[in-house]
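If you want the building blocks of each chain, they are given just below.
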Amino acid sequence: MDAEIISDIARAVQRAMEWLRRNADSFTDARDISITISALIAAERNPHSFLVQRLVESLIQLQAENGSWSDELWDTVWAVNALHEVGFSTDHVYLARAYTFIEETRDPFTGTWYEEPFETILVLDLLARWAPDLLLSSSEQALEWLSSLQRSDGCIVGIRYTG
């Protein structure tokens, strides 16, 4: 890759991080806060920064009684990922509640989440990354279902799953 392109990319990332730092305190949506936490940690490699910890406190305050964030699987997965990235363990009370919500939203007959490949893959990726023991105990059915969607040309996402 050309050195000028690399410099341009580095400057773009720096500007983006400056924007996040300036605007992070105005975020009120769980998904926005979670993604910001993950972005700051990825860019700065400091899960203990004052800003990240402030955002973590905001995120924790948004967790619902049922363990979710926004009563939504996507928001909950993003939040769980962000909290793991700052160092929370799988058995931490906030994450344990979230994993309970995730498990309770799994279809008991198909083993999937909302019978949607994207949601199912999102959850399986989270479990593989942060909670492999939970993955092993709850993924066989979902993986079989995902495999059954694959066409002979390798495509998994068909017209039905375009959002």
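Above this text is the structure in question.
Everything numeric here is computed off the predicted structure, so don't read it as measured data.

Cut-offs and rules
- Residues numbered from 1 in each chain as written.
- Predicted model: local features only at pLDDT ≥ 70, side-chain atom pairs only at ≥ 80, totals over all residues.
- Heavy atoms only, no water.
- Patch = residues over 30% accessible without salt bridge, like charges linked within 9 Å, V, L, I, M, F, W, Y side chains within 5 Å.
- Areas by Shrake-Rupley, 256 points an atom, 1.4 Å probe, with all protein chains shown as cover.
- Salt bridge = Lys/Arg side-chain N within 4 Å of Asp/Glu carboxyl O.
- Helix = DSSP H or I, 4+ residues; strand = E, 2+ residues; numbered from the N terminus.
- Buried < 20%, exposed > 50% of the residue type's maximum accessible area, 1.4 Å probe, protein only.
- Contact = heavy atoms within 4.5 Å.
- Expected span 1.5 Å × (residues − 1).
- Polar contact = N/O pair within 3.5 Å; in protein donor to acceptor, adjacent residues only side chain to side chain.

1. Notes on a nonpolar patch on the surface
Part 1: Together, Met 1, Ile 5, Ile 6, Ile 9 and Val 13 line one region of the surface with nonpolar side chains, adding up to about 500 Å² of accessible area.
Part 2: Structurally, the position occupied by Ile 6 is in helix H1 (residues 3-23).
Part 3: Exposure remark for Ile 6: the relative accessible area of 44% places this residue in the partly exposed category.

2. Considering the side chain of Thr 112
Part 1: Locating Thr 112 in the fold gives a position in the loop between helix H5 (93-105) and helix H6 (117-130).
Part 2: By relative accessible area, which is 0% here, Thr 112 ends up buried.
Part 3: The residues touching Thr 112, leaving out its near neighbours within four places in the chain, are Thr 105, Arg 106, Asp 107, Thr 120, Ala 142 and Trp 145.

3. Structural notes on the pattern of salt bridges
Part 1: As enumerated under the stated definition, the model contains eight salt bridges in all.
Part 2: Notably, a salt bridge pairs Glu 72 with Arg 31, separated by 3.4 Å at the nearest N-O pair. Note that Glu 72 is positioned in the loop between helix H3 (50-61) and helix H4 (73-85) and Arg 31 in helix H2 (residues 30-44), a separation of 41 residues in sequence.
Part 3: You can call Glu 72 partly exposed: its relative accessible area is 27%.
Part 4: A salt bridge links Glu 103 to Arg 106; the shortest N-O distance between them is 2.7 Å.
Part 5: By relative accessible area, Arg 106 is classed as buried at 18%.
Part 6: Residues joined by salt bridges that share partners form a network here, namely Arg 31, Glu 72 and Asp 75.

4. Thoughts on the environment of Gly 87
Part 1: Looking at the secondary structure, you find Gly 87 in the loop between H4 and H5.
Part 2: Sequence separation between Gly 87 and Pro 47 is 40 residues, and the spatial gap between their C-alpha atoms is 7.6 Å.

5. Looking at H4
Part 1: With 13 residues, H4 extends 18 Å from end C-alpha to end C-alpha; this agrees with the ideal 18 Å at 1.5 Å per step.
Part 2: Taken across its 13 residues, H4 has 10 buried, putting it largely inside the fold.
Part 3: Buried within H4 we find Leu 73, Asp 75, Thr 76, Val 77, Ala 79, Val 80, Asn 81, Ala 82, Leu 83 and His 84.
Part 4: Those residues of H4 that are buried lie in contact with H2, H3, H5 and H6.
Part 5: If you check the start of H4, you find a side-chain oxygen 2.7 Å away from the backbone N of Trp 74, and it comes from Glu 72.
Part 6: Gly 87 sits one or two positions beyond H4 and adopts a positive phi of about 115°.

By themselves, these observations are geometric and do not establish any function.
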